[in-house]
Amino acid sequence: METGAAGTDKFFIVIRGKSRKGFCRGCIGRVEAETRPGELVGLVYGGGGPNAGTPKNGGAVRTEDTYPLSRHQAQLLLFVSSASKRLELLCNPQLFSAICALSQDDLVVVRHRKGHQPGLVRNLMQIGRTETKDDLLMLGFEVEFVDTDHNLSSKKPAPLPLFSAADIIQVVPSYAVPLGLYWKDGKYGGLNKKTVTCNGSMPNIGSRHQHEMENHTDQSIVQNQSQSMDHPHVEVGSMVEVVSSSGVTVYGVIRWLGVPGGQTGEWAGLELDYEVKGCSDGVYRGQRYFTCKGNRALFVPVTKCSPDGRFVRSSAGKETPKPTEMPQVPPYEDSGEDAPPIPESEALSLLLGRMKGIQGHINSCYLDATLFSLFSSSMTLDTICRKPADTEQPIAGTLRKLVNRLRRRGFVPAECVMDFRKQLGCDTFQTEEKDPEEFITVLFEKVLCMEPLLKLRSTQETSQGAYTLQIFLEKEQMRQVPTVQQLLDTSCLLGDLKFEVIPSCLIVQMPRFGNKYKMFSHIIPSMELDITDLLYNSPRECFICGHLAQCECLQCLPDPKLQTGRIKQYCTTCNTQVHTHPSRQGHSPRDIMAPAEMDAIAPVPRHTMQLFAVLCIQTSHYVSFVKYGSDPHSWLFFDSMADRCGDDQSGYNIPEIQACPELGDFLCQPEEEMARANPSQAPELVRRLLCDSYMFLYQSPTAPLSNPNNSGP
């Protein structure tokens, strides 16, 4: 056991795991010792009260259940009395990093009893007392409000209110403050200063700010005027600003574009940076278009939107302050134990937000979306990562660590993914765009040494293996808006294919080729696939009477009088009756094999598979939808390159995960209603699922996973 040296204190916050003696989720501790099995022994601090900085005897906690903190971070979080709010703040690493780096005179928006208020950070205050060397001072912010006329309040000086890190909901660095917000003639307008005892670690950068603003005044005015007149092109994901009739500017990201009910012309649905009274959670006039936190959704004509002025100053001809480097990722050491799939109860707290999921880098979206879909919440492929470590290839060990990191931390940085890409055996996996099916084949066959997930057989008794199932058919053989079930049935029947065994995982590839061609404008997801009639040498039910079927008819497949798109198999009696109709007398039914011992009137057991993920593509960019629990509304949307900080050379991609319960609302409808729906009028994420679907991933709750290839290492 090694005891930490004095002067190099290490702090942490407990982020997961069951409560232990002395420690619980959200509590802050200081490392006293580290044990070899991966446990920390430490002191625990309280929170919120005057004695919050006084440590108490803690105990032992697993390292993987903690998140390391600097002293400064620990002091800021200690002033947040609610453990849940501490964890919520950690789930937004960009905001927390910005709060930790706040400087004097930075503009922030804080929660206040009067609502959300903009103000200037004046001082970083130390709270508490240090009676012993183990005591830890809490840190809070003194904030001076900006009044509604965009000036600093000129009322009689009064003690400035004190806010915790959790009270700050938006940070605007000094160099990005919109012109005229509180700066007048190069001086602070109505500024009332007072002498306070503050932390000396907060520098005063007012002089640099003043010089910068004076240099940019004329150019910024011209720039802002031209932007408001031109209404530049915006799209879903654009960062924009909107000026209200009272002159207040709000900032947000476009989540939906279209024509809402009761309006004309194109409108934009914005998710604002912070809550505004009177806004919604994505509903406009009773119709849901996207989902976000309450009081953050604003719907306006798209002509009211302008590029976010905090990030467009470079066009003024002066050098824009360089973006900060990527927020430091806390160190992660794999314990060697396999992490289980993320449970439904923890998925939202662990995964929601920006810098969550798998970080994209250099055309990696196909790989990121596939890995997140396969391994974040599904147990179907879980045993893949449980092969004995001494028998697996090095690349399988790299994948194991990547999956464990995703499930424990909720975030995998790009460099970890690049290590995996470098081991895939071909340099093109590191740089070039690829399709998921190519990666899936390499993943299962080369990396994991798995036998094909699918064993397919035709009536000619030829058998073949595959990892994905491509849909092949002619558009005329399907109705205009097909379901996945109809596509699968038709393709297998036309291709004379049956499943030899019930697959544990069925990956169905839609009839489209990348982003260049798709056969159908949109496809209706089937939450459940019934593969009973696609199993080789398995009993099947007569389509008419329900008794044991003896034959099937390919020509009956598109018959609108017999439910078009479903496989038609009949018992001997019903086959005779159906084909006495003049329009079917030319059909050629064929016999099907069934167990000889099967009772002709016994009920046929049904075999179904459940949808757990969908890969989508739009303009060469792959994203995924993942079902993370049993609740119909438990859906996540993942984009490994949702945003970018900095330029192509020195910046980095920002992955993001959103909750999308609106998918559950849509998919709970009958298929007929879903087929009649207009995707352009649907919520944005529902539209993307319908129109951009590329692969549907299904799992069997009963079938075992395919066996590892014995020839592998």
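Residues numbered from 1 in each chain as written. Predicted model: local features only at pLDDT ≥ 70, side-chain atom pairs only at ≥ 80, totals over all residues. Heavy atoms only, no water.

*Asks:* I'd like a description of the overall build of the chain, backed by residues and values.
*Replies:* Summing up its helical and strand segments, the chain has 15 helices and 39 strands in all. Scored against the burial criterion, the 713 residues of the chain give a buried share of 52%. Counted over contacts in the chain with a minimum sequence separation of 6, partners at least 24 positions apart contribute 66%. If you sum the accessible surface of the chain, you get close to 33000 Å²; carbon and sulfur atoms cover 51% of it. (Helix = DSSP H or I, 4+ residues; strand = E, 2+ residues; numbered from the N terminus. Buried < 20%, exposed > 50% of the residue type's maximum accessible area, 1.4 Å probe, protein only. Contact = heavy atoms within 4.5 Å. Areas by Shrake-Rupley, 256 points an atom, 1.4 Å probe, with all protein chains shown as cover.)

*Asks:* Tell me about the nonpolar core, and please be specific about residues and values.
*Replies:* Formed by 50 residues in total, the largest nonpolar core has its most connected members in Ile358, Leu371, Phe420, Leu424, Phe439, Leu443 and Phe444. In contact with Phe420, other than residues within four places in its own chain, are Leu367, Leu371, Ile395, Thr398, Leu399, Leu402, Phe439, Leu443 and Val447. Cys492, Leu529, Leu557 and Trp635 belong to the second largest nonpolar core, which has 47 residues in total. (Core = buried A, V, L, I, M, F, W, Y, C linked by side-chain atoms within 4.5 Å.)

*Asks:* I'd like a description of the sheet that holds strand 14 (residues 239–243), backed by residues and values.
*Replies:* Reading across from one edge, 19-16-15-14-20 is the order of the five strands in this open sheet, with antiparallel pairing throughout. Two strands bound the open sheet, and with one partner strand each, they are strand 19 (297–301) and strand 20 (306–307). Alignment of strand 14 against strand 15 (residues 249–258), held across five bridges, turns out to be antiparallel. Its bridge partner being in strand 15, Val243 is matched across the sheet by Thr249. (Pairing = 2+ DSSP bridges.)

*Asks:* Explain the packing of aromatic side chains to me, and be specific about the residues and the numbers.
*Replies:* Across all of its chains, the model carries 14 aromatic pairs by this definition. The interplanar angle of 45 degrees and the centroid separation of 5.6 Å between the aromatic rings of Trp267 and Tyr284 together place this pair among those described as tilted. Here the residue Trp267 occupies a position in strand 16 (residues 267–272), and Tyr284 occupies one in strand 17 (residues 283–284), the gap between them amounting to 17 residues. Across this residue pair, the class does not change: Trp267 and Tyr284 are buried. (Phe/Tyr/Trp six-rings, centres within 6.5 Å; stacked < 30°, edge-to-face > 60°.)

*Asks:* Help me get a handle on the pairing of strand 38 (residues 652–659), residues and values and all.
*Replies:* Across the eight residues that make up strand 38, a large majority, seven, are buried. Inspection of the sheet shows strand 21 (residues 353–354) paired to strand 38 by two bridges, in the antiparallel sense. Counterpart to Gly353 in the pairing with strand 38 is Ile657. With antiparallel pairing between neighbouring strands as the criterion, strand 37 (residues 635–645) and strand 38 make up a hairpin whose turn holds six residues, including Gly646 at a positive phi of roughly 90 degrees.

*Asks:* Outline the pairing of strand 16, supporting the account with residue identities and numerical values.
*Replies:* In terms of burial, strand 16 is largely enclosed, as six of its six residues are buried. Pairing of strand 15 with strand 16, which is carried by six bridges, proceeds in the antiparallel orientation. Each residue of the ladder has a partner; that of Gly258, found in strand 16, is Trp267. By the bridge criterion, five bridges tie strand 16 to strand 19 in an arrangement that is antiparallel. Note that in strand 19 the partner of Glu271 across the bridge is Ala297.

*Asks:* Kindly report on the packing of helix 6 (residues 365–375) against helix 10 (residues 436–447), identifying the contributing residues and their values.
*Replies:* The interhelical angle for the contact between helix 6 and helix 10, taken along N-to-C directions, is 60 degrees, at an axis separation of 9 Å. Overall, the two elements helix 6 and helix 10 adopt an arrangement that is oblique. Helix-helix and strand crossings are classified by hand; for helix 6 and helix 10 the assignment is right-handed. Packed against helix 6, whose contacting residues are Tyr366, Leu367, Thr370, Leu371 and Leu374, the element helix 10 presents Pro436, Phe439, Ile440, Leu443 and Phe444 at the interface. By residue class, the composition of the contact of helix 6 with helix 10 is nine nonpolar, one polar and no charged. (Axes fitted to C-alpha atoms, helices over the stretch in contact; angles between N-to-C directions. Parallel < 35°, antiparallel > 145°, perpendicular 65-115°, else oblique. Left-handed = near helix turned anticlockwise from the far one by under 90°. Nonpolar A, V, L, I, M, F, W, Y, C, P; charged D, E, K, R; others polar.)

*Asks:* Describe the sheet that holds strand 32 (residues 551–552), naming the residues involved and giving the relevant values.
*Replies:* The antiparallel open sheet is built from three strands, whose spatial order is 33-32-34. The open sheet has two edge strands, strand 33 (569–570) and strand 34 (590–591), and neither has a second partner. Judged from the two bridges that link them, strand 32 and strand 33 form a sheet pairing that is antiparallel. Each bridged residue has a counterpart across the sheet, and for Cys551 the counterpart in strand 33 is Tyr570.

*Asks:* Tell me about the pattern of salt bridges, and name the residues and values.
*Replies:* One side chain can pair with another of opposite charge once the charged atoms of both are near each other. Applying the stated rule across the entire model yields 22 salt bridges. Among the salt bridges present, the one from Arg62 reaches Asp65, with a minimum N-O distance of 3.2 Å. Judged by relative accessible area, Arg62 falls into the partly exposed class, the value being 30%. Taken together, the shared-partner salt bridges in this structure form one network comprising Asp496, Lys498, Arg540, Glu552 and Arg590. (Salt bridge = Lys/Arg side-chain N within 4 Å of Asp/Glu carboxyl O.)

*Asks:* Talk me through the side chain of Asp106; I want residue IDs and the actual numbers.
*Replies:* Inspection of the secondary structure puts Asp106 in the loop between helix 3 (93–100) and strand 7 (107–112). Of the polar contacts made by the side chain of Asp106, one reaches the backbone nitrogen of Ser103; its length is 2.9 Å. (Polar contact = N/O pair within 3.5 Å; in protein donor to acceptor, adjacent residues only side chain to side chain.)

*Asks:* Help me get a handle on the environment of Leu69, residues and values and all.
*Replies:* On the secondary structure map, Leu69 appears in strand 6 (residues 66–69). Its relative accessible area of 7% is what places Leu69 among the buried residues. Linking Leu69 and Phe12, residues 57 residues apart in sequence, is a C-alpha distance of 4.9 Å. If sequence neighbours within four positions are ignored, Leu69 has contacts with Phe11, Phe12, Ile13, Ala74 and Leu77.

*Asks:* Could you give an account of the packing of helix 6 against helix 7 (residues 394–409), with specific residues and numbers?
*Replies:* At a closest axis distance of 11 Å, the pairing of helix 6 and helix 7 adopts a crossing angle of 70 degrees. Classified by the interaxial angle, the pair formed by helix 6 and helix 7 is roughly perpendicular. Contacts between helix 6 and helix 7 involve Leu371, Phe372 and Phe375 from the former and Leu399, Leu402, Val403, Leu406 and Arg407 from the latter. Of the residues that constitute the contact of helix 6 with helix 7, the class distribution is seven nonpolar, no polar and one charged.

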